[in-house]
Every structure is written in structure tokens, then in C-alpha cells.
Amino acid sequence: MAKKSKAEERRARAAALREAQRKKDRRNKALKIAGASVAGAAVLGLLGTAIFMELKSRNIEGVAEYEVGDFSHVDVGEKVDYEQSPPVGGQHWPYWQNCGVYTDPITPEFGVHSLEHGAVWINYDPELPEEKVTALEGFYNPGDYLLVTPYEGDMDAPIVASSWGRQISVDAPDDENLLRFVQLYERGTDVPEPGAACSGSVQETQADFEAQLAEQAENPEALEGAENDDQGSDPDNEDTDGEAAKEDEATEDDGSAEDE
């Protein structure tokens, strides 16, 4: 068989290069299509989640929505005149109320800060029957971003639950809309500081804290040991019982014993 001429060899190499380029182009096109599909799926997923949340929210009857304006920090002790009662957001103190169940009212400026972190705040009339109070307290499980407290201000109903910019009023704890509200907005993400801690800060009730302010009006140590937004946080909301503080004290005691 006759050897290929140099011209034929060049044509063969050129054809091979063209075929390789076509394969590369087809592969790049396929990758672009796949990338666009993934991006499209992600967008559709986010859109689907938003639509789902919106539809789920519409299934909750009686939810009032409010636009929250200024939500900056004000000095501890400076009272904020909230537009809603109980409040749904706004200016607040640099410390937040630890999530949990309280048998006495808490300071609104601390409670609003907890809302900013994604908590739901259930307020109830102090005259609410004991069995209904117990039922409301049962909404809370350790680690939840939930406050359950009596409220002495004006309310539209015996029970009012608030999240950041939203509120629902009900007559009884077994109202299905209350349960849906808590399930949907507890650990809310459409808040100014989603995922920030709801523990490790203020545990005092309003009366206890006001007594502290009266006794230590000029003393910043009134909040000694409480975290604020300039300090570390507990995003898992685990230190609700002050265990970390107890461990620190134990460590200090051990160190003192060793020094001796």
C-alpha cells in the first residue's frame, strides 16, 4: 500500500483537530446547559420555598403585619414608645431576654431584641385561667426561640403572639392559628439578625431589673455577666440554665486550689 503523501497527512491531522474541537465545543455546551439547569433549579427552589411560606402564612387567620422602622439600639434604661402593644419590633436595648417561660412580665426592650433574633413572643393576660397558662407554657421546649410571659399592657385578646413585624391575637391556647404561627415564625429568618442567640443574656423579669436599675442607677455592672451584640453569642441556644457560668466558677476554684 502506498504511503500517504505529506499533504494527505496534513489533511488528516487537520480533520482530527477539527473533530477534537467539535467534541470540546459539544462538551462545553453540555456543561453550560447543565450549569444553567442547576442554577434554574436553585432559583425555582428558593421561589418555591418563598411561595410555600407565603401560602402557609395565608393559612393562618388573623395575622397582622407591620412595617418596622428604626430598630437601632438605645441606652439601657431609656424607654421606647412602641406603636403596637405588645410590640412587634423597633428600637431596643443592647441586651436580649433569654428565651423561656416567665411567670412575671419582662422588659419590652429586652423582649423586642429577642424578636430581632428570630424569637416568637407569646404574651397573655395575667388574669388568664391557670390551665390556659399551663397550656401556653407547654409550647416551650428547651432551646426554642420562644418567650412565654404575662403582659400587663393593652392587648386585643387574652393571648397575643408576636414575631418580628407580625402579630396574632387569640382567645385560647388551643387555637390552631396560634400553633401555626409559632411553628412558622419561631427561629424566623426574615428578621434583622437571624440565628443570633436567644440565651446567655438577661434572665431577670421587668420588676427585678427595674429594682437593679434603681439600686445601681449609675453602675454599668447592673448587667454584669449578660451578653450583648458586641460580645459572643450562643447560636445553638444551649446555655439557658447558666451552666457555662457554673463551669467557669468551678474552673476558677480548681485554679485557686492548685495555687495554694
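Residues numbered from 1 in each chain as written. Predicted model: local features only at pLDDT ≥ 70, side-chain atom pairs only at ≥ 80, totals over all residues. Heavy atoms only, no water.

Remarks on the overall build of the protein chain
Point 1. Counting its regular elements, the protein chain contains six helices and six strands.
Point 2. By residue count, 38% of the 260 residues in the protein chain fall in the buried class.
Point 3. Counted over contacts in the protein chain with a minimum sequence separation of 6, partners at least 24 positions apart contribute 70%.
Point 4. Put simply, the protein chain shows about 15,700 Å² of open surface, and 49% of that area lies on carbon and sulfur atoms. (Helix = DSSP H or I, 4+ residues; strand = E, 2+ residues; numbered from the N terminus. Buried < 20%, exposed > 50% of the residue type's maximum accessible area, 1.4 Å probe, protein only. Contact = heavy atoms within 4.5 Å. Areas by Shrake-Rupley, 256 points an atom, 1.4 Å probe, with all protein chains shown as cover.)

Digging into the confidence of the model for the protein chain
Point 1. Per-residue confidence for the protein chain gives a mean pLDDT of 82, with 74% of residues at or over 70.
Point 2. Under a pLDDT of 50 for its full length, residues 239-253 has, in the predicted model, eight contacts with residues more than four places off or in other chains.
Point 3. Scored below 50 in pLDDT, residues 255-260 shows zero contacts in the model against residues more than four places distant or in partner chains. (pLDDT = per-residue confidence, 0-100.)

Looking at the side chain of Arg166
Point 1. Among the structural elements, Arg166 can be located in strand S6 (residues 166-170).
Point 2. Each residue touching Arg166, except ones within four places of it in the same chain, is listed here: Val63, Ala64, Glu65, Val88, Ala161, Phe181, Tyr185 and Asp190.

With respect to the environment of Val160
Point 1. For Val160, the position within the fold is in strand S5 (residues 159-163).
Point 2. Classification of Val160 by relative accessible area gives buried; the value is 1%.
Point 3. In the structure, Val160 is positioned 74 residues away from Pro86 in sequence and 7.5 Å away in space, judged by C-alpha atoms.

A closer look at unusual backbone geometry
Point 1. A cis amide bond links Ser85 to the next residue, Pro86, at an omega of -5 degrees.
Point 2. Checked against the element boundaries, Pro86 lands in the loop between strand S1 (63-65) and strand S2 (100-101).
Point 3. For Arg187, which is not a glycine, the phi torsion comes out positive at approximately 60 degrees.
Point 4. Note on placement: Arg187 falls in the loop between helix H4 (176-185) and helix H5 (206-215).

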